[in-house]
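Survey of secondary and tertiary structure
Chain residues, written in single-letter form:
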Amino acid sequence: MTTMAQVICGLARRWCFGALGSPLQVPCLQALPLHLGRTATRASQRDLENAVHQVKLWKKDPGNEVKLKLYALYKQATEGPCNLPKPDMMDLVNKAKWDAWSALGSLPKETARENYVDLVSSLSAASEPPSPAKPAADGEQAGGDLVVTSENHITTITFNRPAKKNAITTKMYQDIMLALQAASKDDSVLTVLTGNGEYYCSGNDLTNFTDIPPGGPEEKARTNAILLREFVDCFIDFPKPLVAVVNGPAVGISVTLLGLFDLVYASDRATFHTPFGPLGLSPEGCSSYTFPKMMGPSKAAEMLIFGRKLTAQEACAQGLVTEVFPDSTFQKEVWTRLRAYTKLPPNAVRTSREVMRSKGRERLHAVNAEECGALQQRWLSEECTSAVVRFLSRRGKL
Ligand SMILES: CCCCCCCCCC/C=C/CC(=O)SCCNC(=O)CCNC(=O)[C@H](O)C(C)(C)COP(=O)(O)OP(=O)(O)OC[C@H]1O[C@@H](n2cnc3c(N)ncnc32)[C@H](O)[C@@H]1OP(=O)(O)O
């Protein structure tokens, strides 16, 4: 039987090899290490050794948080659950290692091995971006589908694809990660996401599903799950207040991520729509946890399972939006407010933000991992591939 996944794979191959006569490049996939091509769903001992070797070749220090994650997963994968006595409180390094390992609880060795290999893969892929976005220097603008500016202690990341309602391409995901990385280190107090034109963002660009690598849809789904997890992790771990300036309708992942923002200011033209049901998808961006927490389980179910679209006022009543402004004065009022916030003592702002986020961080990472695992399966389902084919064929893209 031919599945829709095979149909879409076939179509994608036609496009890829079509007009140009050679395969179009998918840089983030090409940067992936060889072991991603393994066919087994479980990582083998050999995969683990390869991953360990790969870590040794990294030129850039991945930072303490990642190193702790890797340490913990490696210990769990090779020795099982931590049964060492807890180090002294003042023995900071060993205590941090012990904490990280113990936090894995009774995670099976095989899962830890798999997670280790996946983490190394995703970090290796991200460390070799095809064309790095320009970090935002003061007042500088990087053109293209994503514009990053930094002014008056506010770094602003703007979706800039108005003709496509600001749908997010694979490159935009990567550039957003780079922009967040840069913003976490620059002198800004606030980081803002907003959209150019009529829409805030129409979510994932549905053509992202069509450039199938040689390993087929399974490899694509697996790679996307790793990259999506890493993308959402960047929002979970971002150290400064994140503000969404929602200038118009928001769809899909641009809505779900809002649960990880500190402030969401919306124009009264904005709407909030997560059409996962019709698309054969399941929630991402930690919304399966943040939405029920903020609006209660049944309102969250209406949005995330049944795809009910909320107006800005409704979203505000549910706690997803902080405040709604008339569209005519939206930009002026919001930016005046944000500029006033940047005058607050930056270290206090950062500390308050950290103590608010730290309590839920581990939980958010676990939710993110679970959501990406579920989506990996969904992307391969006939329900999802049919929905994508429907969208693309209605717009004459097939
Ligand atoms: C680090 C790398 C990570 C990689 C990870 C990849 C995988 C991540 C997946 C994350 C999961 C996310 C879930 C979602 O976001 S689900 C939501 C997906 N979005 C949608 O379903 C919206 C689809 N679009 C629409 O329904 C409509 O276009 C609209 C937004 C309601 C607007 O309708 P309207 O009639 O006003 O306008 P048009 O339809 O004519 O649109 C104008 C042009 O824009 C194109 N368009 C719009 N949205 C998208 C989209 N999401 N993807 C691709 N293209 C889009 C549309 O085709 C028109 O183009 P055209 O002019 O060339 O025809």
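Not measured: the values here are computed from a predicted model. (Residues numbered from 1 in each chain as written. Predicted model: local features only at pLDDT ≥ 70, side-chain atom pairs only at ≥ 80, totals over all residues. Heavy atoms only, no water.)

A word on the overall build of the protein
Scanning the protein for helices and strands turns up 17 helices and nine strands. Expressed as a percentage of its 398 residues, the buried residues of the protein come to 51%. In the protein, the proportion of contacts linking residues at least 24 apart, taken out of those at least 6 apart, comes to 73%. Carbon and sulfur atoms make up 57% of the accessible area of the protein, which amounts to about 19,300 Å² in all. (Helix = DSSP H or I, 4+ residues; strand = E, 2+ residues; numbered from the N terminus. Buried < 20%, exposed > 50% of the residue type's maximum accessible area, 1.4 Å probe, protein only. Contact = heavy atoms within 4.5 Å. Areas by Shrake-Rupley, 256 points an atom, 1.4 Å probe, with all protein chains shown as cover.)

Observations regarding the confidence of the model for the protein
Mean pLDDT over the protein: 85, with 84% of residues reaching 70 or higher. Every residue in residues 1–40 scores below 50 in pLDDT, and together they form 64 contacts with partners more than four places removed in sequence or on other chains. Segment residues 128–142 is flagged for pLDDT under 50; beyond a separation of four residues in sequence, or across chains, it makes 31 contacts in the model. Confidence estimates for the predicted assembly give a pTM of 0.72 and an ipTM of 0.98. (pLDDT = per-residue confidence, 0-100.)

Focus on the sheet that holds strand β5 (residues 250–251)
One open sheet accounts for three strands, arranged β5-β7-β8; its pairing is mixed. In this open sheet, the two strands that pair with only one neighbour each are β5 and β8 (310–311). By the bridge criterion, two bridges tie β5 to strand β7 (residues 271–273) in an arrangement that is parallel. Its bridge partner being in β7, Ala250 is matched across the sheet by Phe272. (Pairing = 2+ DSSP bridges.)

Observations regarding the pairing of strand β1 (residues 146–151)
Judged by how many residues are buried, β1 sits mostly within the fold: five of six residues are covered. Here β1 pairs with strand β2 (residues 154–159) via six bridges, running antiparallel. Directly across from Ser150, in β2, lies its bridge partner Thr155. Hairpin connection, β1 to β2: the antiparallel pair is bridged by two residues, and Asn152 has positive phi, about 50°.

So, the pairing of β2
With six of six residues buried, β2 lies mostly within the body of the structure. Here β2 runs beside strand β3 (residues 190–195); their pairing, made up of six bridges, is parallel. Each residue of the ladder has a partner; that of Thr158, found in β3, is Thr194. Viewed along the sheet, the connection from β2 through helix α7 (residues 170–185) into β3 turns out right-handed. (Right-handed = clockwise from strand over helix to strand, strands pointing away.)

With respect to the nonpolar core
Phe231, Phe235 and Phe272 are the most contacted members of the largest nonpolar core, which has 64 residues in total. Filtering out sequence-adjacent residues up to four positions away, Phe231 remains in contact with Tyr173, Ile176, Met177, Ile253 and Leu257. By size, the runner-up hydrophobic cluster in this structure holds 15 residues, among which are Leu48, Leu70, Tyr116 and Leu119. (Core = buried A, V, L, I, M, F, W, Y, C linked by side-chain atoms within 4.5 Å.)

So, the pattern of salt bridges
Summed over the entire model, instances satisfying the criterion amount to 17 salt bridges. Notably, a salt bridge pairs Asp186 with Lys240, separated by 3.2 Å at the nearest N-O pair. Placement of Asp186 in the loop between α7 and β3 and of Lys240 in the loop between α8 (216–237) and β4 (242–246) is noted, with a sequence separation of 54 residues between them. Judged by relative accessible area, Asp186 falls into the buried class, the value being 19%. (Salt bridge = Lys/Arg side-chain N within 4 Å of Asp/Glu carboxyl O.)

Some words on the sheet that holds β3
The strand order across the open sheet built from six strands is β1-β2-β3-β4-β6-β9, with neighbouring strands paired in mixed fashion. Two strands in the sheet have a free side with no partner beyond their single neighbour: β1 and β9 (323–325). Each strand axis lies, on average, 20° off the axis of its neighbour in the sheet, ignoring direction. (Axes fitted to C-alpha atoms, helices over the stretch in contact; angles between N-to-C directions.)

Some points on unusual backbone geometry
With a phi close to 55°, Lys165 is a non-glycine residue in the positive phi region. Accessibility expressed as a relative area gives 34% for Lys165, which makes it partly exposed. The backbone phi angle of Asn166 is positive, close to 65°, even though this residue is not glycine. Since its relative accessible area comes to 0%, Asn166 is described here as buried.

Some words on the environment of Met177
In this structure, Met177 sits in helix α7. Met177 sits in the buried class, given a relative accessible area of 7%. In the structure, Met177 is positioned 106 residues away from Tyr71 in sequence and 24 Å away in space, judged by C-alpha atoms.

With respect to the packing of helix α11 (residues 287–295) against helix α12 (residues 297–304)
Following both chains from N to C, one finds α11 and α12 inclined at 135°, their axes separated by 7 Å at the closest point. As far as their axial angle goes, α12 and α11 are oblique. The element α11 and its partner α12 pack so that their crossing is right-handed. Seen from α11, the contacting residues are Ser287, Ser288, Phe291, Pro292 and Met295; seen from α12, they are Pro297, Lys299, Ala300, Met303 and Leu304. Residue composition of the contact of α11 with α12, grouped by class: seven nonpolar, two polar and one charged. (Parallel < 35°, antiparallel > 145°, perpendicular 65-115°, else oblique. Left-handed = near helix turned anticlockwise from the far one by under 90°. Nonpolar A, V, L, I, M, F, W, Y, C, P; charged D, E, K, R; others polar.)

Side note on the packing of aromatic side chains
Taken as a whole, this structure holds nine aromatic pairs when the rule is applied. Between Phe159 and Tyr200 the ring centres are 5.5 Å apart and the planes differ by 85°, which places this aromatic pair in the edge-to-face class. Here Phe159 is found in strand β2, whereas its partner Tyr200 is found in the loop between β3 and α8, with 41 residues between them in sequence. Judged by its relative accessible area of 3%, Phe159 is buried. Residues Tyr265 and Phe325 carry aromatic rings whose centres are separated by 5.6 Å and whose planes lie at 85° to one another, so their mutual orientation is edge-to-face. Residue Tyr265 is found in strand β6 (residues 263–267), and its partner Phe325 is found in strand β9; the two are separated by 60 residues along the sequence. Owing to a relative accessible area of 1%, Tyr265 belongs among the buried residues under this scheme. Accessibility expressed as a relative area gives 2% for Phe325, which makes it buried. Through a chain of ring-to-ring contacts, three or more aromatic side chains come together here, namely Tyr173, Phe231, Phe235 and Phe261. (Phe/Tyr/Trp six-rings, centres within 6.5 Å; stacked < 30°, edge-to-face > 60°.)

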